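Letter by letter, the chains look like this.
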Amino acid sequence: MKLFKTATLSLAALAMTATVSMADTLDDTKKKGYLSCGLNTGLAGFAAPDTDGVWKGIDVDFCKAVSAAVLGDASKVKYAHLNAKERFTALQSGEIDVLARNTTWTATRDTSLGLNFIGANYYDGQGFLVSKKLGVKSAKELDGAAFCIQAGTTTELNLTDYFKANKMEYTPVTYDTAAQVIEGFKAGRCDVVTSDASQLYALRTQLKDPSSAFVLPEIISKEPLGPVVRQGDDKWFNIVRWTHIAMLNAEELGVNSQNVDQMLNSSNPSIQRLLGVSGKIGEQMGLDAKWAYNIIKQVGNYGEVFERNVGKGSPLQIDRGLNKLWKDGGLQYGAPIR
Amino acid sequence: MKKYRKEPQENVAFYNNPEKRAIIYQILALAAIFIFTYFILNNMFTNIEKRGINTGFDFLSSEAGFGILQSLIEYDESNSHGKVFIVGLLNTLLVSAIGIFFASIIGLLIGIGRLSKNFMVSKLCMIYVETFRNIPILLQILFWYNVVLASLPNPRQSFSYFDSIFLNNRGLYIPKPILESGFIAVIIAFILGLIACAYLVKWAKTKHDETGEEFPVVWTSLAILIVAPTLVFFVSGTPATLEYAELKGFNFKGGWTLIPELLALAFALSIYTATYIAEAVRAGIEAVPKGQKEAAHALGLKDHIILKKVVLPQALRVIIPPVINQYLNLTKNSSLATAIGYPELVTIFAGTSLNQVGQAIEIILMTMAVYLTISIVISLIMNYANEKMKIKER
């Protein structure tokens, strides 16, 4: 009879597991006490380990910012390092809660993959990295060249469009990771590396002699890179989106990680609302009133994050360009917090 | 006579009847599996629908939009993901076939070599087996790929042979034959040659049965198959030309290209799998009783004849089953190509296509189905061969 019992019990257990419904990501994250965040496998400026093995970059900082907003502690993040091919499946299947991995916002991805882009935290465009020895001055001269590309990216599709539009031919050499791409370039398997311009500058620093290669002037596509969440959890979507917006507003209002404590006493109503001194923005999102204060205190505002990781304070030395705030002539525009 | 099973007694409850109980348990187990599968699938589809993820196989007809480094059939970026699937499948089959071919030859030679009486030969073979068997295949693939790339010059400084074969870090370029209409005569000659060979084999067997004389069937057949079509080729006025690769712009164009990814992958797979085949061959040969060799010696047969006619036919019965497994492993290992970017099924279909359309479930199911089918087909072929090799009891 024992066997009978075991069989019935296990059947019942099976039936139970089948009724798991869709989760509330905010509740789940609070319950488990950490945020699962998807990052690149290694891309300087966005997500790469420094000399002490600590992961640094714009995307790492974004994970930290969400963690600071949700859990009040920027360090409570568990990183998943994903290559281009794995990233969406990891998010769809619930392995990660936020994907902050220099991912281009496109219509197909936003509509057919069960994902939602929260906006663009880095406006980028696709370019070409070539060796000086090649003697090429423009992308129009690249007919017949071999290209090292990372598999499963929008880069791959843009390249096709560009060469078709210009009636040129190319040989694609497709690798899994950015590291393999640059190795292929070093070994001479291809003439050109094509990728988002920011990534090209990062990859260039990995060459033995970075000055031996340069990025061609042509930018052939729009690549708005931004964090992604699963579709169907609006509460979570709002939190992640407003994390980005809070960082933009902080820069605009002149609030940074250094002065945020003094700013708590500011008489500016916008700053008061941002830092939770007045208003109920945090509570409306299901967060602590100090959610934005925690982000700014522990991670910094958008400008600080940019300069520290890819701008003047980093080896990449990328100009802020399109990523300046709207009032400085750029595209970064933080919706009002009120 | 002793009875093994008691007759069922009328007054025992049905669940205490061992026979009925066994049936009940099996039905229960089956039901549990069905319910489990149903719930898992149901759960998956509900969640997929809730999240607004596309499902179905419509993506197979949508435009792929990305280029592929090597394809055996015509392919360009405007083709569909369905075509990508075919291109990947063919590339998988190509590298597997090349790998199986060379692994078998190397494996056979090394396996026999290990049993050689020559100390040097047997030790070298042993070192080969122990070295390559004990290094993970992925590392070997990466190693050969990097060695290949690092040792070859760029296109402008290619190694060139007879001005028609070029080797550089973009691949091995060989002339491509362009066939004209008259070439059909050559093909007919080849087919006729094949028929002639079939008769020759039959004739040689009858002769051997009647007189015991050996006729060099293999060499004669080879001669027929090479000489006849070649003669026809020249008589009909060489109806084929060669297209040579030429350096144009950045790279060579025209001719046939063997890309370094294919070279490295096929090489690594052959070298690695050959070690296991070699061990299977050694085991098979050692399994043949010594008496068989001694008896053959006593008849005055030469060593290589003994190996060919007495030892190998018996050894094959032991060799074939493990070799089937190695062929299957080699095919499955070809999916490690992802590491070096050889465009086979897993790299381009379960990789790039999957990422472009995001339909993981359909694509992974299709990919698994392919490997399952390939494995079953290889097994069937080899089981047939195994059946043929069995000792026929008369």
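Residue positions within a chain follow its written sequence, with the count starting from 1. Key to labels: chains lettered from A, ligands numbered from 1, both in the order written. Local features in a predicted model are, by the rule used here, given only for residues with pLDDT of at least 70; side-chain atom pairs are given and counted only at 80 or more, and totals for whole chains, interfaces and linings are based on all residues. By convention in this description, side-chain values take in all heavy atoms of the structure and omit both hydrogens and water.

Once that is clear, we can look at the overall build of chain A. What chain A contains, in helices and strands, is 14 helices and 14 strands. By principal-axis analysis of the C-alpha atoms, chain A measures approximately 70 × 70 × 40 Å. For every residue, the accessible area obtained with a 1.4 Å probe (protein chains only) is divided by the maximum for its type, and the residue is called buried under 20%, exposed over 50%, and partly exposed between those limits. Within chain A, buried positions represent 56% of all 338 residues. By definition in these notes, contact holds between two residues if any of their heavy atoms fall within 4.5 Å. Of the contacts formed within chain A by residues at least 6 apart in sequence, a portion of 72% connects residues at least 24 apart. Methods summary: accessible areas were calculated by the Shrake-Rupley approach with a probe of 1.4 Å, and residue burial reflects only the protein chains presented. In the form shown here, chain A has an accessible surface area of approximately 14,000 Å², with 53% of it arising from carbon and sulfur atoms. Only four residue types enter the charge count: Lys and Arg as positive, Asp and Glu as negative, with His and the chain ends excluded. Just so you know, the charge point we use is NZ for Lys, CZ for Arg, CG for Asp and CD for Glu. Distance between charge centroids for chain A: 3 Å, based on 37 positive and 36 negative side chains. Secondary structure is summarised from DSSP: a helix means a run of H or I of at least four residues, a strand means a run of E of at least two, and numbering begins at the N terminus for each.

Before going further, it helps to examine the UniProt feature "transmembrane region" (unreviewed entry) in chain B. All names here are of chain B. UniProt positions are given in the numbering used here, feature names are shortened, and annotations may be inferred rather than shown by experiment. Per the UniProt entry, the sites bearing "transmembrane region" (unreviewed entry) are residues 23-41, 85-112, 182-203, 215-235, 255-278, 336-357 and 363-385 in this numbering. Secondary structure content for residues 85-112 is 100% helix and 0% strand, while the C-alpha to C-alpha distance between its ends is 40 Å. The span residues 255-278 is 79% helical and 12% strand by assignment, and the distance between its end C-alpha atoms comes to 36 Å.

Residue and element names in this part refer to chain A. A pair of sulfur atoms, both from cysteines and within 2.5 Å, is called a disulfide here. Applying the stated criterion to the full structure yields two disulfides over all chains. Across a sulfur-sulfur distance of 2.0 Å, Cys-37 and Cys-63 are joined as a disulfide pair. In this structure, the disulfide formed by Cys-37 and Cys-63 twists by about -75° around the S-S bond and is classed as left-handed. Here Cys-63 lies in helix α3 (residues 58-71) and Cys-37 lies in strand β1 (residues 35-40), a separation of 26 residues in the sequence. Since its relative accessible area comes to 0%, Cys-63 is described here as buried. Linked covalently through their sulfurs, Cys-148 and Cys-190 form a disulfide whose S-S length is 2.0 Å. Because the sign of the S-S torsion sets the handedness, a value of about -105° for the bond joining Cys-148 and Cys-190 places this disulfide among the left-handed ones. One end of the pair, Cys-148, is in strand β9 (residues 146-150); the other, Cys-190, is in the loop between α7 (178-186) and β11 (192-196), with 42 residues separating them in the sequence. Residue Cys-148 shares its accessibility class with Cys-190, and that shared class is buried. With its bonded cysteines labelled in order along the sequence, chain A shows the pairing 1-2, 3-4.

Residue position: Gln-199 of chain A is located in helix α8 (residues 197-204). Excluding residues within four positions of it along the chain, Gln-199 of chain A makes contact with Leu-43, Asn-102, Gln-150 and Ala-178 of chain A.

Here, UniProt's "domain: ABC transmembrane type-1" (unreviewed entry) annotation points to residues 89-382 of chain B. For the annotated span residues 89-382 of chain B, helix accounts for 70% and strand for 10% of the residues, and the straight-line distance between the end C-alpha atoms is 21 Å.

What follows deals with the side chain of Asn-309 of chain A. Residue and element names in this part refer to chain A. Along the polypeptide, Asn-309 turns up in helix α14 (residues 302-309). Classification of Asn-309 as buried rests on a relative accessible area of 9%. N or O atoms within 3.5 Å of each other form a polar contact, as long as, within protein, one can give a hydrogen and the other can take it, and as long as residues adjacent in sequence are counted only when both atoms are side-chain atoms. Here the side chain of Asn-309 touches Gly-57 through a polar contact of 3.3 Å, landing on its backbone nitrogen. Residues within four places of Asn-309 in sequence aside, it is in contact with Gly-45, Lys-56, Gly-57, Ile-58, Asp-61, Ser-314 and Leu-316.

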